[in-house]
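Here is how the chains run, residue by residue.
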Amino acid sequence: ACRYCVDGCTKQISIPDLFACYNAKMIHKDWNQDYYYEIHTTDKGMASDCIKCGKCEAVCPQHLEIKFLLEKVASCFEE
(Lines give C-alpha, C1' and ligand atoms only; values in the text may rest on other atoms or scores of the structure.)
Protein backbone atom coordinates (compact mmCIF):
# COMPACT_ATOMS: atom_id res chain seq x y z
CA ALA A 1 0.00 0.00 0.00
CA CYS A 2 2.81 2.39 -0.83
CA ARG A 3 0.45 4.38 -3.09
CA TYR A 4 3.10 5.38 -5.66
CA CYS A 5 0.71 4.16 -8.36
CA VAL A 6 -2.19 6.35 -7.31
CA ASP A 7 -0.76 9.79 -8.11
CA GLY A 8 -0.19 9.07 -11.80
CA CYS A 9 -3.46 7.26 -12.43
CA THR A 10 -5.44 9.21 -15.01
CA LYS A 11 -8.63 7.38 -14.00
CA GLN A 12 -8.14 8.08 -10.27
CA ILE A 13 -8.24 4.40 -9.37
CA SER A 14 -7.34 3.79 -5.73
CA ILE A 15 -5.27 0.76 -6.67
CA PRO A 16 -3.96 -0.27 -3.21
CA ASP A 17 -7.42 -0.02 -1.67
CA LEU A 18 -8.95 -2.15 -4.42
CA PHE A 19 -6.19 -4.72 -4.06
CA ALA A 20 -6.81 -4.81 -0.30
CA CYS A 21 -10.51 -5.50 -0.89
CA TYR A 22 -9.68 -8.23 -3.37
CA ASN A 23 -7.14 -9.89 -1.08
CA ALA A 24 -9.47 -9.82 1.92
CA LYS A 25 -12.27 -11.35 -0.11
CA MET A 26 -10.17 -14.04 -1.78
CA ILE A 27 -7.84 -14.99 1.08
CA HIS A 28 -10.04 -14.46 4.13
CA LYS A 29 -13.43 -15.03 2.46
CA ASP A 30 -14.54 -11.63 3.78
CA TRP A 31 -17.67 -11.04 1.73
CA ASN A 32 -18.12 -7.58 3.26
CA GLN A 33 -15.47 -6.41 0.83
CA ASP A 34 -18.11 -5.91 -1.86
CA TYR A 35 -19.37 -3.04 0.26
CA TYR A 36 -15.88 -1.62 0.75
CA TYR A 37 -15.14 -1.91 -2.96
CA GLU A 38 -18.19 0.24 -3.61
CA ILE A 39 -16.98 2.80 -1.08
CA HIS A 40 -13.49 2.97 -2.65
CA THR A 41 -14.96 3.41 -6.13
CA THR A 42 -17.54 6.06 -5.29
CA ASP A 43 -16.29 9.30 -6.88
CA LYS A 44 -13.15 7.42 -8.02
CA GLY A 45 -12.30 4.96 -10.75
CA MET A 46 -13.34 1.33 -10.72
CA ALA A 47 -10.89 -1.43 -11.63
CA SER A 48 -12.54 -1.80 -15.03
CA ASP A 49 -11.85 1.89 -15.77
CA CYS A 50 -8.15 1.11 -16.20
CA ILE A 51 -6.95 2.17 -19.66
CA LYS A 52 -3.75 0.12 -19.34
CA CYS A 53 -1.46 3.11 -19.81
CA GLY A 54 1.21 1.50 -17.62
CA LYS A 55 2.04 4.58 -15.54
CA CYS A 56 1.29 2.65 -12.35
CA GLU A 57 3.54 -0.27 -13.26
CA ALA A 58 6.42 2.06 -14.15
CA VAL A 59 6.56 3.38 -10.57
CA CYS A 60 5.67 0.20 -8.68
CA PRO A 61 8.59 -0.77 -6.39
CA GLN A 62 7.14 -4.30 -6.13
CA HIS A 63 7.01 -4.65 -9.94
CA LEU A 64 3.40 -5.82 -9.78
CA GLU A 65 1.51 -6.48 -13.00
CA ILE A 66 -1.11 -3.95 -11.97
CA LYS A 67 -2.99 -3.91 -15.29
CA PHE A 68 -3.51 -7.68 -15.11
CA LEU A 69 -4.37 -7.60 -11.41
CA LEU A 70 -6.98 -4.88 -11.95
CA GLU A 71 -8.66 -7.17 -14.48
CA LYS A 72 -8.92 -9.82 -11.75
CA VAL A 73 -10.33 -7.26 -9.32
CA ALA A 74 -12.91 -6.13 -11.86
CA SER A 75 -13.94 -9.74 -12.47
CA CYS A 76 -14.35 -10.31 -8.75
CA PHE A 77 -16.37 -7.22 -7.90
CA GLU A 78 -18.01 -5.96 -11.07
CA GLU A 79 -19.44 -9.06 -12.71
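In this report, we go over the structure that sits alongside the text. Along each chain, numbering runs from 1 in the same order as the chain's sequence is written. Under the rules for a predicted model, residues below a pLDDT of 70 receive no local features and side-chain atom pairs below 80 are neither given nor counted, while totals for whole chains, interfaces and linings still include all residues. Hydrogens and waters are ignored; side-chain quantities use all the structure's heavy atoms.

1. A short note on the packing of aromatic side chains
Part 1 of the argument: Within 6.5 Å between ring centres, the rings of Phe, Tyr and Trp (the latter by its six-membered ring) count as paired, and their orientation is classed by plane angle as stacked under 30 degrees, edge-to-face over 60, tilted in between. For the structure shown, the criterion picks out two aromatic pairs.
Part 2 of the argument: Ring geometry for Y35 against Y36: centres 5.3 Å apart, planes inclined by 70 degrees, an arrangement best described as edge-to-face.
Part 3 of the argument: According to the relative accessible area criterion, Y35 is exposed, its value standing at 52%.
Part 4 of the argument: Buried, partly exposed and exposed residues are distinguished by accessible area as a fraction of the type maximum, computed with a 1.4 Å probe on protein chains only: under 20%, between the cut-offs, and over 50%, respectively. Judged by its relative accessible area of 38%, Y36 is partly exposed.
Part 5 of the argument: Considering the side-chain rings of Y37 and F77, the 4.6 Å spacing of their centres and the 0 degrees angle between planes classify their relative orientation as stacked. Within this pair, whereas Y37 is found in helix α3 (residues 33-41), its partner F77 is found in helix α5 (residues 66-77), the two being separated by 40 residues in sequence. By definition, any uninterrupted DSSP run of H or I lasting at least four residues is a helix, any uninterrupted run of E lasting at least two residues is a strand, and each is numbered from the N terminus.

2. A word on the side chain of S14
Part 1 of the argument: Following the sequence through the fold, S14 ends up in the loop between α1 (4-7) and α2 (15-28).
Part 2 of the argument: For S14, a relative accessible area of 2% translates into the label buried.
Part 3 of the argument: Among the polar contacts made by the side chain of S14, one reaches the side chain of R3 at a distance of 3.3 Å.
Part 4 of the argument: What qualifies as a polar contact is a pair of N or O atoms within 3.5 Å, subject to a donor-acceptor requirement within protein and to the restriction that residues adjacent in sequence count only when both atoms come from side chains. Reaching out from S14, the side chain makes a polar contact with the side chain of D17 at a distance of 2.3 Å.
Part 5 of the argument: Any two residues whose heavy atoms approach within 4.5 Å at even a single point are treated as in contact. Setting aside chain neighbours within four positions, we find S14 in contact with R3, H40 and K44.

3. What to know about unusual backbone geometry
Part 1 of the argument: Positive phi, close to 55 degrees, is recorded for K29, a residue that is not glycine.
Part 2 of the argument: The residue K29 is located in the loop between α2 and α3 in this model.
Part 3 of the argument: Even without being a glycine, D43 presents a positive backbone phi close to 65 degrees.
Part 4 of the argument: Structurally, the position occupied by D43 is in the loop between α3 and α4 (55-59).
Part 5 of the argument: Its relative accessible area of 74% is what places D43 among the exposed residues.

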